[in-house]
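# Observations on the model geometry
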Amino acid sequence: MDFVKLEREDGVATVTIDRQDKLNALNPQVVEELGQVLLDLEGDSPRAVIVTGAGERAFVAGVDIAAMREMSPLEAKRFAELGHAATALLDRSPIPTIAAVNGFALGGGCEVALACDIRIASENALFGFPEVSLGILPGLGGTQRLPRLVGPGIAKEMIFSGRKIGADEARMINLANRVVPRGEALNEAKKLASEIAANGPISVRLAKAAANRALDTDLISGLEYEADQFALCFSTEDACEGMGAFVEKRKARFEGR
Ligand code: COA
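Residues numbered from 1 in each chain as written. Predicted model: local features only at pLDDT ≥ 70, side-chain atom pairs only at ≥ 80, totals over all residues. Heavy atoms only, no water.

### Section: the site of the ligand
Not every one of the 16 residues close to the ligand is listed here, only the nearest: Lys-22, Arg-57, Ala-61, Val-63 and Ile-65. Between the ligand and Asp-21, the relevant distance is 3.5 Å, taken from an oxygen atom to a main-chain nitrogen or oxygen of the residue. Lys-22 is positioned with one of its side-chain polar atoms (N or O) 2.5 Å from an oxygen atom of the ligand. Summarising the interface, the protein chains cover 60% of the accessible area of the ligand, which totals 860 Å² for the free molecule. Elements represented by at least two residues in the shell around the ligand include exactly α2 (65-69) and β6 (104-106). (Near = heavy atom within 4 Å. Polar contact = N/O pair within 3.5 Å; in protein donor to acceptor, adjacent residues only side chain to side chain. Areas by Shrake-Rupley, 256 points an atom, 1.4 Å probe, with all protein chains shown as cover. Helix = DSSP H or I, 4+ residues; strand = E, 2+ residues; numbered from the N terminus.)

### Quick look at the side chain of Glu-33
Tracing the chain through its elements places Glu-33 in helix α1 (residues 28-44). Although Glu-33 is buried, it forms no salt bridge, and the closest oppositely charged side chain is Lys-5 at an N-O distance of 6.4 Å. Each residue touching Glu-33, except ones within four places of it in the same chain, is listed here: Met-1, Asp-2, Phe-3 and Val-4. (Buried < 20%, exposed > 50% of the residue type's maximum accessible area, 1.4 Å probe, protein only. Lys, Arg positive; Asp, Glu negative; His and termini not counted. Salt bridge = Lys/Arg side-chain N within 4 Å of Asp/Glu carboxyl O. Contact = heavy atoms within 4.5 Å.)

### A short note on the layout of surface pockets
When its volume is computed, the largest pocket comes out at roughly 600 Å³. Around the largest pocket, the lining comprises 23 residues; the ones closest to its centre are Asp-91, Cys-116, Asp-117, Asn-212 and Leu-215. The element contributing the most residues to the lining of the largest pocket is helix α9 (residues 201-216), with 7 residues. Class assignment of the residues belonging to the lining of the largest pocket gives a composition of 11 nonpolar, 4 polar and 8 charged. Residues from two domains meet in the lining of the largest pocket; each of domain 1 (4-197) and domain 2 (201-247) gives at least three. (1 Å grid on protein atoms, 1.4 Å probe; cavity = no way out; pocket = protein on both sides within 12 Å on 5 of 7 lines; lining within 4 Å. Points joined across faces, edges and corners; volume = space filled by probe spheres on them. Nonpolar A, V, L, I, M, F, W, Y, C, P; charged D, E, K, R; others polar. Domains from an automatic or database assignment.)

### Let's talk about the sheet that holds strand β9 (residues 165-166)
As a general point, the strands of a sheet are linked pairwise by backbone hydrogen bonds and lie either parallel or antiparallel. Pairing is mixed across the open sheet formed by 4 strands, whose spatial order is β4-β6-β8-β9. The strands lining the two open edges of the sheet, one partner per strand, are β4 (58-60) and β9. By the bridge criterion, 2 bridges tie β4 to β6 in an arrangement that is parallel. Its bridge partner lying in β6, Ala-58 is registered against Phe-104. Lying over the sheet, helix α4 (residues 108-115) contacts β4, β6 and β8 (126-128), oriented at roughly 95° with respect to β6. (Pairing = 2+ DSSP bridges. Axes fitted to C-alpha atoms, helices over the stretch in contact; angles between N-to-C directions.)

### Focus on the packing of α1 against helix α3 (residues 73-91)
If you want to describe how two helices pack, look at the angle between their axes and the distance between the axes. At a minimum axis separation of 9 Å, α1 and α3 run at an interaxial angle of 30°. Between α1 and α3, the angle is such that the two are roughly parallel. For α1 against α3, the interelement crossing comes out left-handed. Contact with α1, carried on its side by Pro-28, Val-31, Glu-32, Gly-35, Leu-38, Leu-39 and Glu-42, involves Phe-79, Leu-82, Gly-83, Ala-86, Leu-89 and Leu-90 of α3 and no other residues of that element. For the contact of α1 with α3, the per-class residue count stands at 9 nonpolar, 2 polar and 2 charged. (Parallel < 35°, antiparallel > 145°, perpendicular 65-115°, else oblique. Left-handed = near helix turned anticlockwise from the far one by under 90°.)

### Quick word on the domain arrangement of the chain
According to the domain assignment, the chain consists of domain 1 (4-197) and domain 2 (201-247). Domain 1 and domain 2 are separated by 27 Å when their C-alpha centres are compared. The interface is formed by 14 residues belonging to domain 1 together with 7 residues belonging to domain 2. Roughly 820 Å² is buried in total at the junction of domain 1 and domain 2, and carbon and sulfur atoms are behind 46% of that figure. Its largest share of buried area at the contact with domain 2, domain 1 owes to Arg-92, Pro-94 and Arg-148, together 50% of the area lost on that side. At the boundary of domain 1 with domain 2, the tally comes to 2 salt bridges. We note a salt bridge from Asp-117 to Lys-208, for which the minimum N-O separation is 2.8 Å. The tally of links from domain 1 across to domain 2 stands at 7 residue pairs in polar contact (both at pLDDT 80 or more). When the residues that make up the side of domain 1 that touches domain 2 are grouped by side-chain class, the tally is 6 nonpolar, 3 polar and 5 charged. (Buried area = accessible area lost by both parts, 1.4 Å probe.)

Next comes the structure, spelled out in C-alpha cells:
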C-alpha cells in the first residue's frame, strides 16, 4: 500500500490516509487501497476502526481534482461506485468506525468522515462540499448521507453553497460528535475506541446493525429487528459473562463468543 497505512493496537485498528503532499486527496489508487484495507480488516475483527489523515493539516482535502479533470463520464461513474463500495465498508461494516478529523474534510474527505459511525473533530477541522464550485456534485455519498445526518435543510445549504464550516459549527449541526484541541482528534478517537473495545463485541456489532436499520426502515420493522438482535445476544457467552459479572460484582471479561 502506497497511501493507506494500518496499525493495530489493543483490538483497535487505525487506518491513516497518507498522501500529505496533496493534503491526502483521494485519487483512484487511494480509494482502492482504502477499500482493500477495510475489507481485510473485516476478517481480522478488530473491536473498533479509526480513520484519520496523515499530517497536521488535513483529514482528506477531497477527491483529487487533477485526476477527476481527466475522467470521462463513464470513468466518473466507475470512480463513484468505487468510492461507494469503500465508504460502505465503513458504515455497513459490523465494526464501529470513528473518523478522527484532524484538518480539512472537504468533498470526498467529508464523505469518508460521514460514512464513519462517529466523527471527532479537532478545533482546526474544516468541513464542506466545494464540488459545485468545480461544476460537479458530491459523488461519494455526500448527497445521501449528509441529509440523513444533519437534516435536509442544512445539508442542502452546505451542498448548494459549497460553504466550509469550522469544527464548532459542525458540532452544532451534529456533523461532529465532539470537538477537541488541535492535534488531539486521534488521541480522543483512541480513547473512545478503547471504551467501545471494552464492551461485549458481539453486542456492539448487533447494536450497530440495529441502529443502521433505523435509517433504512419504518419504526415497526425496526423494532422487530431490534427484538431479534436483542434475543440473539442471549445466545452468547458474552451475555452470560456480562450480566454474571454485574451480579457477582466483578469486571466482565468478554471473549466475543
Ligand atoms: N485535489 C488535488 N490536489 C489537491 C486537493 C484536491 N482536492 N486539495 C489539495 N491539493 C493539493 C494542491 O493542489 C497542492 O498541491 P501542489 O503543492 O502540488 O500544488 C497541495 O495539495 C497543497 O494544497 P494548497 O492548495 O497549496 O494548500 P492551501 O493551504 O493553500 O489550501 C485547501 C488548502 C484545502 C483550501 C485547497 O487545497 C483546496 O481548496 N483544495 C481543494 C478542496 C476541494 O475542492 N475539495 C473537493 C474536491 S471534490
